[in-house]
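Working through the structure, step by step
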Amino acid sequence: MPSKAIWKELEAAAVKASQRAYAPYSEFQVGAALLTDKGTIIRGCNVENASFGLCLCAERNALTTAIARGNHKFIALAVATPGQDPAPPCGLCLQMLAEFCTDLEILLVSSAGKKERTRLATLLP
Ligand code: THU
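A few points on the structure.

About the cut-offs
Residues numbered from 1 in each chain as written. Predicted model: local features only at pLDDT ≥ 70, side-chain atom pairs only at ≥ 80, totals over all residues. Heavy atoms only, no water. Near = heavy atom within 4 Å. Polar contact = N/O pair within 3.5 Å; in protein donor to acceptor, adjacent residues only side chain to side chain. Nonpolar A, V, L, I, M, F, W, Y, C, P; charged D, E, K, R; others polar. Pairing = 2+ DSSP bridges. Helix = DSSP H or I, 4+ residues; strand = E, 2+ residues; numbered from the N terminus. Axes fitted to C-alpha atoms, helices over the stretch in contact; angles between N-to-C directions. Buried < 20%, exposed > 50% of the residue type's maximum accessible area, 1.4 Å probe, protein only. Contact = heavy atoms within 4.5 Å. Core = buried A, V, L, I, M, F, W, Y, C linked by side-chain atoms within 4.5 Å.

This brings us to the site of the ligand. Near the ligand you find S26, F28, V30, N46, E48, C57, A58, E59, P88, P89 and C90, and these make up its full shell. Taking E59, its side chain carries an N or O atom lying 2.6 Å from an oxygen atom of the ligand. When its residues are assigned to classes, the shell around the ligand shows seven nonpolar, two polar and two charged.

See below:
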């Protein structure tokens, strides 16, 4: 289980990633940060497209970047979303995370400052 300091770092990384989001259609800028078993943090943001089906979520961006960098084991995920309440990853992202993790600790943070802790096994039983 990550320490308080690591959770803070992961949260800050997710917020920073959200600032790089390309979301001109939804204007919903999302950032994700994955903590690997090697202790590194890998970020991703959502990348939208005029063809809506091609929109890539922040979580899948972080995951595929992590895989491309040689990581297959993950300890925790932080997701930063705009608005009042934290938002969980979508079904596609949960399914892709489940390919690599039987369970994963997840921190959801909203730009209003609300936080929620959950797990992959809870969101995708
Ligand atoms: N989005 C994410 O990046 N992650 C989520 O967990 C939920 C949704 C993105 C997809 C799309 O670019 C925008 O947010 C609106 O749905």
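Further notes follow.
Now for the sheet that holds strand β3 (residues 74–81). Spatial strand order, β2-β1-β3-β4-β5: five strands in an open sheet with mixed pairing. Every interior strand has two partners, whereas the edge strands, β2 (41–45) and β5 (115–119), have only one. Pairwise comparison of adjacent strand axes, ignoring direction, gives a mean angle of 20° for this sheet. One ladder, built from five bridges, connects strand β1 (residues 31–36) with β2; its direction is antiparallel. Among the inter-strand pairings, A32 is bridged to a residue of β2, identified as G44.

Attention now goes to helix α2 (residues 58–68). All of the buried residues along α2 are A58, E59, R60, N61, A62, L63 and A66. Among the structural elements, β1, β2, β3 and α3 (91–98) are those in contact with the buried residues of α2. Downstream of α2 by a residue or two, G70 has a phi angle that is positive, lying close to 95°.

Core analysis: the largest hydrophobic core is formed by 18 residues, its most contacted members being L34, F74, L77, L97, L104 and L120. Elements with a contribution of two residues or more to this core: β1, α2, β3, α3 and β4 (105–110). With four residues, α2 is the largest single contributor of residues to this core.

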